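# Architecture and fold: a report
So you can see what is in the structure, the chains are spelled out below.
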Number of protein chains: 2
Amino acid sequence: MKAYVYVSLKKSVLDPQGKTIHGALKKMGYRGISDLRQGKYFEINLDASLSREEANAEVERVAREVLTNPVIEEYRFTLED
Amino acid sequence: MKAYVYVSLKKSVLDPQGKTIHGALKKMGYRGISDLRQGKYFEINLDASLSREEANAEVERVAREVLTNPVIEEYRFTLED
């Protein structure tokens, strides 16, 4: 089973890296982009021995306790067979 | 319209950052994770004036030409209304 975890800055937190990329794109002439924010993304391979519920619980735990800084970040994840 | 661009290292490229996270998770006692790779993730807000086709073309162009290093990385993206 595979899990995809997406970690992004909370809406209320400034994203200077995203702002910089956005500014660069504008200068390079790319049109139509009104905002850009950057985040992190994790591709996790899980042992085949885990049930879907166990996998869900384990990924949720890893995402919440390790991959995300709860003060400034939020996460979401999807599971795939 | 919103676009989500996911940039990850090609399968053939080593991912030392992912390996480090994987090793740390193992040491911390998280079970059931057989592999972990890290990537980047971009959330792009597009001007409402763009049609779906224009948005698709623009995001594809930005992802290919700027956000991805074609030597070692690959990308995929989704569009959302």
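Per chain, residues are indexed from 1 in the order of the written sequence. Chain A is the first chain written and ligand 1 is the first ligand written, with later ones labelled in order. Only residues with pLDDT of at least 70 are given local features in this predicted model, and only at 80 or more are side-chain atom pairs given and counted; all residues enter the totals for whole chains, interfaces and linings. Hydrogens and water molecules were not included; the side-chain quantities draw on all heavy atoms of the structure.

Moving on, we get to empty space enclosed by the protein. Each cavity reported here is a set of points on a 1 Å grid over the protein atoms alone in which a 1.4 Å probe fits but cannot get out, each pocket an open set with protein on both sides within 12 Å along at least five of seven lines, and each lining residue one with an atom within 4 Å of a point. Grid points are joined across faces, edges and corners, and a volume is the space filled by probe spheres set on the points. Enumeration according to the criterion identifies 1 cavity of 30 Å³ or more in this entry. Estimated volume of the largest cavity: approximately 30 Å³. Contributing to the lining of the largest cavity are Ser8, Leu9, Lys11, Arg37, Gln38 and Gly39 of chain A together with Tyr41 and Glu43 of chain B. A run of H or I in DSSP counts as a helix once it spans at least four residues, and a run of E counts as a strand once it spans at least two, with each numbered from the N terminus. Mapped onto the lining of the largest cavity, the elements with two or more residues apiece are strand 1 (2-9) and strand 2 (33-46) of chain A together with strand 2 (33-46) of chain B.

Glancing now at the layout of surface pockets. Estimates place the volume of the largest pocket at around 300 Å³. Residue lining of the largest pocket: 18 residues in total, with Gln38, Gly39 and Lys40 of chain A together with Gln38 and Lys40 of chain B positioned closest to the centre. Among the elements of the structure, strand 1 and strand 2 of chain A together with strand 1 (2-9) and strand 2 of chain B are those that each provide at least two residues to the lining of the largest pocket. Among the residues forming the lining of the largest pocket, the class breakdown is 4 nonpolar, 8 polar and 6 charged. Polarity classes work like this: nonpolar for Ala, Val, Leu, Ile, Met, Phe, Trp, Tyr, Cys and Pro, charged for Asp, Glu, Lys and Arg, and polar for all others, with Gly in that last group.

On to the sheet that holds strand 2 of chain A, then. One requirement defines pairing of two strands: DSSP has to find at least two bridges between them. One open sheet holds the 6 strands; their spatial order is 3(A)-1(A)-2(A)-2(B)-1(B)-3(B), and the pairing between them is antiparallel. Sheet topology places strand 3 (73-80) of chain A together with strand 3 (73-80) of chain B at the edges, where each strand pairs with a single neighbour. Strand after strand, the sheet turns through a mean of 25 degrees between neighbouring axes, direction not considered. Here 8 bridges tie strand 1 of chain B to strand 3 of chain B, and the two strands are oriented antiparallel to one another. Counterpart to Leu9 of chain B in the pairing with strand 3 of chain B is Glu73 of chain B. Along the sheet, helix 1 (residues 16-27) of chain B contacts strand 2 of chain A together with strand 2 of chain B; its crossing angle with strand 2 of chain B, the most-contacted strand, is approximately 125 degrees. On the sheet, helix 2 (residues 52-67) of chain B packs against strand 2 of chain A together with strand 1, strand 2 and strand 3 of chain B and is oriented at approximately 160 degrees with respect to strand 3 of chain B. All axes here are fitted lines through C-alpha atoms, helices being fitted over the stretch that makes contact, and every angle between N-to-C directions spans 0 to 180 degrees. We call two residues contacting when some pair of their heavy atoms lies within 4.5 Å.

This next bit is on the side chain of Ser8 of chain A. Within the fold, Ser8 of chain A resides in strand 1. When a residue's accessible area, from a 1.4 Å probe over protein chains only, is under 20% of the maximum for its type it is buried; when over 50% it is exposed; and in between it is partly exposed. Here Ser8 of chain A falls in the buried class, since its relative accessible area comes to 12%. When neighbours within four sequence positions are excluded, Ser8 of chain A is seen to be in contact with Gly39, Ile72, Glu73 and Glu74 of chain A together with Tyr41 and Glu43 of chain B.

Turning our eyes to something else, we now look at the relation of the copies chain A and chain B. The two copies are related by a screw operation: chain A maps onto chain B through 180 degrees of rotation and 0.0 Å of translation along the axis, at an RMSD of 0.0 Å. In the structure described here, the two chain copies are related by an operation that fits a two-fold rotation axis. The position closest to the rotation axis in chain A is occupied by the C-alpha of Lys40 of chain A, lying 2.4 Å away. Of the interface residues in chain A, 100% have counterparts in chain B that sit at the interface too, so the contact is made through matching surfaces. For this overlay, a least-squares fit was computed on C-alpha atoms, restricted to residues scoring pLDDT of at least 70 in both copies.

A separate point is the environment of Ser49 of chain A. Its place among the elements puts Ser49 of chain A in the loop between strand 2 and helix 2 (52-67). A sequence separation of 48 residues divides Ser49 of chain A from Met1 of chain A, and the C-alpha atoms of the two residues are 9.3 Å apart.

None of this, on its own, says anything about what the molecule does.
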